[in-house]
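Residues per chain are reported as follows:
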Amino acid sequence: MFILRSVIYLFTVAVVAQLISLEGYQSGSVAEYSEHSLTEHLQDMMSFLSCLLFLYVARKDAQLNIASTLLAALLAMMFVRESDSLLDHYVFDGAWQALVGLIFVCVIVFLWGRFSSIYASLKAYSQQSSFGTFLAGFVAILAFSRLMGRASFWQAVMGDSYMRIVKNIVEEGIETLGYTLILISAVELVIVCRRRHRELLALK
């Protein structure tokens, strides 16, 4: 089973890489990798699916309830942030900030009276094998992609031949890999949660 999951994850990453390259193959030098590209839609889809999976774990596992709810809220905020242009265009300017604020308020309401349990739940999650994968994906999205996507870096490297599209491909590609890792970590956590649930039922 472990080998099968490894092959599936390897295949998933390969497919994601191929999907990222599609716009480049199809549009060539006029590719933009903008917020309306397939790459951005992949990020939206994976952040949304990860959010749902963490919510599932929160509902099924009491020990991981708080940690999984916080992770689901974080992914929901990231999903909203990735959809900022659509929300600004079809809802109102600044809609994504309002939604993120609403999610944050909901999290505070959820945690009210449970603050003493936050550490224990987060510690329990940190002991799961999927924690490292999640952390790697999170750091890739928030830190590594931003650092590698600095225009000043690419301008220094490419000089007069600087093309913004190259910067965008690197930045968005790393972000998409990060979201892929987070999705894999969420799937792994669901597998652990279901296994633990079956073991508890067998003991009853």
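Reading the values: rules and limits
- Residues numbered from 1 in each chain as written.
- Predicted model: local features only at pLDDT ≥ 70, side-chain atom pairs only at ≥ 80, totals over all residues.
- Heavy atoms only, no water.
- Salt bridge = Lys/Arg side-chain N within 4 Å of Asp/Glu carboxyl O.
- Helix = DSSP H or I, 4+ residues; strand = E, 2+ residues; numbered from the N terminus.
- Buried < 20%, exposed > 50% of the residue type's maximum accessible area, 1.4 Å probe, protein only.
- Patch = residues over 30% accessible without salt bridge, like charges linked within 9 Å, V, L, I, M, F, W, Y side chains within 5 Å.
- Areas by Shrake-Rupley, 256 points an atom, 1.4 Å probe, with all protein chains shown as cover.
- Expected span 1.5 Å × (residues − 1).
- Polar contact = N/O pair within 3.5 Å; in protein donor to acceptor, adjacent residues only side chain to side chain.
- Contact = heavy atoms within 4.5 Å.
- Core = buried A, V, L, I, M, F, W, Y, C linked by side-chain atoms within 4.5 Å.

Observations regarding the pattern of salt bridges
Reasoning step 1: Taken as a whole and assessed by the stated rule, the structure comprises five salt bridges.
Reasoning step 2: A salt bridge links Glu175 to Arg146, with the shortest nitrogen-to-oxygen separation between them at 2.6 Å. Here Arg146 lies in helix H7 (residues 130–148) and Glu175 lies in helix H9 (residues 164–203), a separation of 29 residues in the sequence.
Reasoning step 3: Using a relative accessible area of 38% as the deciding quantity, one classes Arg146 as partly exposed.
Reasoning step 4: Between Lys167 and Glu171 there is a salt bridge, with its nearest N and O atoms 3.0 Å apart. Placement of both Lys167 and Glu171 in helix H9 is noted, with a separation of four residues, approximately one turn of the helix.
Reasoning step 5: Each of Arg146, Lys167, Glu171 and Glu175 takes part in salt bridges that share partners, so that together they form one network.

Observations regarding a nonpolar patch on the surface
Reasoning step 1: Together, Phe104, Val105, Ile108, Val109, Trp112 and Phe115 make up an exposed nonpolar region whose accessible area comes to about 650 Å².
Reasoning step 2: Tallying contributions element by element places helix H5 (residues 95–111) first for the nonpolar patch, with four residues.
Reasoning step 3: Take Val109: it is sitting in helix H5.

As for helix H2 (residues 38–60)
Working note: α-helix, 3.6 residues per turn, so residues spaced by three or four point in the same direction.
Reasoning step 1: With 23 residues, H2 should cover 33 Å at 1.5 Å per step; its first-to-last C-alpha distance of 33 Å lies within 8% of that length.
Reasoning step 2: Among the residues making up H2, those that are buried are Thr39, Glu40, Leu42, Gln43, Asp44, Met46, Ser47, Ser50, Cys51, Phe54, Val57 and Ala58.

Brief notes about helix H1 (residues 2–27)
Reasoning step 1: Over its 26 residues, H1 runs 39 Å from end to end, which matches the ideal 38 Å to within 8%, given 1.5 Å per residue.
Reasoning step 2: Regarding H1, the residues found buried are Arg5, Tyr9, Val16, Ile20 and Glu23.

Some thoughts on the side chain of Thr176
Reasoning step 1: Checked against the element boundaries, Thr176 lands in helix H9.
Reasoning step 2: For Thr176, a relative accessible area of 0% translates into the label buried.
Reasoning step 3: Among the polar contacts made by the side chain of Thr176, one reaches the side chain of Gln43 at a distance of 3.0 Å.
Reasoning step 4: Not counting the four nearest positions on each side in its chain, Thr176 is found in contact with Val16, Ile20, Thr39, Leu42, Gln43 and Met46.

Notes on the nonpolar core
Within soluble globular proteins, side chains that are nonpolar generally end up buried alongside one another.
Reasoning step 1: Formed by 35 residues in total, the largest nonpolar core has its most connected members in Phe54, Leu75, Ile103, Tyr125 and Phe134.
Reasoning step 2: Of all elements in the fold, only H2, helix H3 (65–82), H5, helix H6 (115–126), H7 and H9 reach the threshold of two or more residues within this core.
Reasoning step 3: It is H3 that provides the largest number of residues to this core, a total of ten residues.
Reasoning step 4: Setting aside residues up to four positions removed in sequence, Phe54 forms contacts with Ser68, Leu71, Ala72, Leu75, Tyr125, Phe134, Ile182, Ser185, Ala186 and Leu189.

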